[in-house]
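# Remarks on the overall topology
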Amino acid sequence: MLVPVVLAGGAGTRLWPLSRAALPKQFVAFPGREHTLFQETLLRLGDRTGAPVVVCNEQHRFLAAEQLRQADIAGARMLLEPAPRNTAPAAALAALEAMETDTGALLLVLPSDHAIGRPERLLTAITEAERFSREGFLMTFGIVPDAPATGYGYMAAGETLGQSSARKLDRFVEKPDPATAEAYLASGDYLWNSGMFLFGAATYLAELERHEPEIYEVCRQAHEKIDRGSDFSRYPDDAFANCRSLSIDYAVMEHTGRGAMIPLDAGWSDLGAWDAVWNNAEQDDQGNSVSGDVIGRDLRGSHIQAGSRLIAALGLRDLLVVDTADALLVADRARAQEVGEIVRDLQRQARAEAEHHRLVDRPWGSFETLAAGPGFQVKHLIVNPGAALSLQSHARRTEHWTVVRGRGVVICGDREFELGVNESTEIPLGSKHRIRNDGIEPVEIIEVQLGDYLGEDDIVRYEDRYDRV
């Protein structure tokens, strides 16, 4: 059985402000794309594989589950890492999980944030790699370079394997300087490192145990203590916290004698930064990619992406302009790789814009911050049919709820009552409260918060349908 393993734990900081910690790039639908990158990763495989294993973190579990539901992808096993530890431990956890039902399982390990322009070529390469992986090889896919890129790692290809396009994996090399990248491109023997792999679960675990026994042992023990829920499986924090953070490349592929690659020319991009988004987008005859409500004159080589308002641009050259409801990025396209540094600046300043958008998804619905100032905050809450907030209390704020659509059931202290359109209630400081929607249409609420601290972490949960207590 071929099991797709989707690694969905990336942060995507270089694609801020569209990508945020709470909604990283793999879960974003970019302009011109029908599905998110996460959904595309699985949909392009069609019916060629078994049910997927998705490895992600706790914060994104409901996001991933909802996007699987929207894409009609059934049977996925969701593994929640208590802490990010790179791809080698993630693949090990997935291998141990896959072997629970099939000791001969083959794993197709895929990052969740790549774009593939010609997926039929990827499927052909997967078929060829599958044959070699059954012979004990650990296969990867080397992207045939079309430019002397300095933003990717490279792999040196060795001898050809029989009558095929597959080649032995000679060595990995780090991101080169421009002159070295030119030499790699001219040689024809160096390919970009795609981060995609295909190997037997048992073969990978054996090589991991051989070359990184500590990582293998931590993952084995964590798997023995797995907490299986109906929708998600978790690993205890104490069983995984001390695991080394290491990639599959460093942990196994650089040391194994079983490594091989399939050259792949399929319109691949990791969409790692805004210059890559510009390069992969439809462009006009002046090299501009434009989306949203944009009026432009005399533009050249620029990416302009409007969000919630009109952008008027005049005389721009090689710029990135990306607008969202609460943040605007304007950057030199040549410095796209540095956008992640801006995110780190925001994080050091504890700015909310680094973490989430103004509209925040929750398993029960969503909320959007409409206004905020010293001592107050106004939010628009949408509670989906059949959903409910957790039973909770706040230590530092009171709340006032006014229903503007639908009809909800409110619990506040020892009272339970219905609240309909144009009806309001106060949630006193420290009281246990929740609202649930027993109806068939969304319940929309305007929530006014008052207090000396209004952060989302001022919540004590007592009961929760979504296992967040």
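For the structure, see preceding data.
A brief structural summary. The written sequence of each chain sets the order in which its residues are numbered from 1. A pLDDT threshold of at least 70 governs which residues receive local features in this predicted model, and a stricter bar of 80 or more applies before side-chain atom pairs are shown or counted, although totals over entire chains, interfaces and linings include all residues. Hydrogen atoms and water are omitted, and side-chain values are computed over all heavy atoms in the structure.

### Quick word on the sheet that holds strand β29 (residues 443-451)
To keep things clear, this is the line we draw: Here, a strand pair is defined by DSSP locating no fewer than two bridges between the strands. Going along the chain from the N terminus, every DSSP run of H or I of four or more residues is numbered as a helix, and every run of E of two or more is numbered as a strand. All axes are obtained by fitting lines to C-alpha atoms, using only the stretch in contact for helices, and the reported angles, taken between N-to-C directions, cover 0 to 180 degrees.
Strand order across the open sheet formed by 6 strands is β20-β21-β22-β29-β24-β27, with antiparallel pairing between neighbours. Each edge of the open sheet is held by one strand with a lone partner, namely β20 (359-362) and β27 (424-427). For this sheet, the mean angle separating the axes of adjacent strands, direction not counted, is 25°. Bridge analysis of strand β22 (residues 376-383) against β29 gives 8 bridges, and the strand direction is antiparallel. If you follow Leu381 over to β29, its bridge partner there is Ile445.

### Quick notes on the pattern of salt bridges
Rules: Take a side-chain nitrogen of Lys or Arg and a carboxyl oxygen of Asp or Glu: if they are within 4 Å of each other, that pair is a salt bridge.
Overall, the coordinates contain 37 salt bridges when judged by the stated rule. A salt bridge links Arg20 to Asp326, with the nearest nitrogen and oxygen atoms 2.7 Å apart. With a gap of 306 residues between them, Arg20 in the loop between β1 (2-7) and α1 (37-43) and Asp326 in the loop between β18 (319-323) and β19 (328-332) connect regions that are remote in the sequence.

### Here's the deal with the packing of helix α3 (residues 87-98) against helix α6 (residues 201-211)
Under the convention used in this document: Note on angle classes: values under 35 degrees are labelled roughly parallel, values over 145 roughly antiparallel, values of 65 to 115 roughly perpendicular, and the remainder oblique. Crossings are assigned a handedness: left-handed for a near helix turned anticlockwise from the far helix by less than a right angle, right-handed for a clockwise turn. Contacts are residue-level and defined by heavy atoms, with any inter-residue pair within 4.5 Å sufficient. Gly is placed with the polar residues, together with every amino acid not listed as nonpolar (Ala, Val, Leu, Ile, Met, Phe, Trp, Tyr, Cys and Pro) or charged (Asp, Glu, Lys and Arg).
Viewed as axis vectors pointing N to C, α3 and α6 meet at an angle of 135°, and their least axial separation amounts to 9 Å. As the angle between them shows, α3 and α6 are arranged oblique. Note on packing geometry: the crossing formed by α3 with α6 is left-handed. Contact with α3, carried on its side by Ala88, Ala91, Ala92, Ala95 and Leu96, involves Ala201, Tyr204, Leu205 and Leu208 of α6 and no other residues of that element. When the residues that make up the contact of α3 with α6 are grouped by side-chain class, the tally is 9 nonpolar, no polar and no charged.

### Concerning the pairing of strand β21 (residues 365-373)
Looking at chain direction, β20 and β21 are connected through 4 bridges and run antiparallel. Residue pairing across strands places Arg362 opposite Gly365, the latter belonging to β21. In textbook terms, the turn of a hairpin is the stretch between consecutive antiparallel strands, and for β20 and β21 this stretch comprises 2 residues. Examined bridge by bridge, β21 and β22 share 8 bridges and lie antiparallel to one another. Residue pairing for β22: Ala372 is matched across the bridge by Gln377. Connecting the antiparallel pair β21 and β22 is a turn made up of 2 residues, with Gly375 showing a positive phi of about 85°.

### Observations regarding the layout of surface pockets
The condition is simple: Of the grid points, spaced at 1 Å and generated over the protein atoms alone, those admitting a 1.4 Å probe that cannot get out make up cavities, while open sets with protein on both sides within 12 Å along at least five of seven lines make up pockets; any residue with an atom within 4 Å of a point is treated as lining. Grid points are joined across faces, edges and corners, and a volume is the space filled by probe spheres set on the points.
Approximately 1,400 Å³ is the volume attributed to the second largest pocket. Within the residue set of the lining of the second largest pocket, elements represented by two or more residues are β2 (53-57), α3, β4 (106-111), β8 (167-173), β9 (190-200), α9 (248-253) and α11 (339-348). The biggest single contributor to the lining of the second largest pocket is β9, with 4 residues. Taken together, the residues of the lining of the second largest pocket sort by class into 16 nonpolar, 18 polar and 11 charged.

### Regarding empty space enclosed by the protein
Empty space among the atoms becomes apparent when a probe as large as a water molecule is rolled across them. Summed over the entire model, instances satisfying the criterion amount to 1 cavity of 30 Å³ or more. In this structure, the largest cavity spans a volume of roughly 40 Å³. Forming the walls of the largest cavity are Thr41, Arg44, Leu110, Pro111, His114, Ile116, Leu122 and Met196. Considered class by class, the residues forming the lining of the largest cavity number 5 nonpolar, 2 polar and 1 charged.

### So, the environment of Ala94
This is how it is decided: The cut-offs for exposure are 20% and 50% of the maximum accessible area for each residue type, with area from a 1.4 Å probe on protein chains only; residues under the lower value are buried, those over the upper are exposed, and the others partly exposed.
Looking at the element boundaries, Ala94 is found in helix α3. Of the residues examined, Ala94 reaches a relative accessible area of 0% and is grouped as buried. Along the sequence, Ala94 and Val53 sit 41 residues apart, while their C-alpha atoms lie 6.6 Å from each other. What Ala94 contacts, discounting residues up to four positions off in sequence, is Val5, Val53, Val55, Leu79 and Leu107.

### Observations regarding the side chain of His60
The condition is simple: For this analysis, a polar contact is any N or O atom pair within 3.5 Å, provided that within protein one partner can donate a hydrogen and the other can accept it, and provided that sequence-adjacent residues contribute only side-chain to side-chain pairs.
Structurally, the position occupied by His60 is in the loop between β2 and α2 (61-70). For His60, a relative accessible area of 2% gives the class buried. Engagement of the side chain of His60 in a polar contact is seen with the backbone oxygen of Ala21, the distance being 2.8 Å. Beyond its immediate sequence surroundings of up to four residues, His60 is in contact with Ala8, Ala21, Ala22, Pro24 and Phe27.

### Some details on α3
In an α-helix, one turn spans 3.6 residues, which is why side chains three or four residues apart end up on the same side. Spelled out, the test is: For a helix, the expected span equals 1.5 Å multiplied by the residue count minus one.
With 12 residues, α3 extends 16 Å between its outermost C-alpha atoms, agreeing within 8% with the 16 Å of an ideal straight helix rising 1.5 Å per residue. With respect to burial, α3 is a largely interior element, 11 of its 12 residues being buried. By the burial criterion, the buried members of α3 are Ala88, Pro89, Ala90, Ala91, Ala92, Leu93, Ala94, Ala95, Leu96, Glu97 and Ala98.

Any link to function would need more than the numbers given here.
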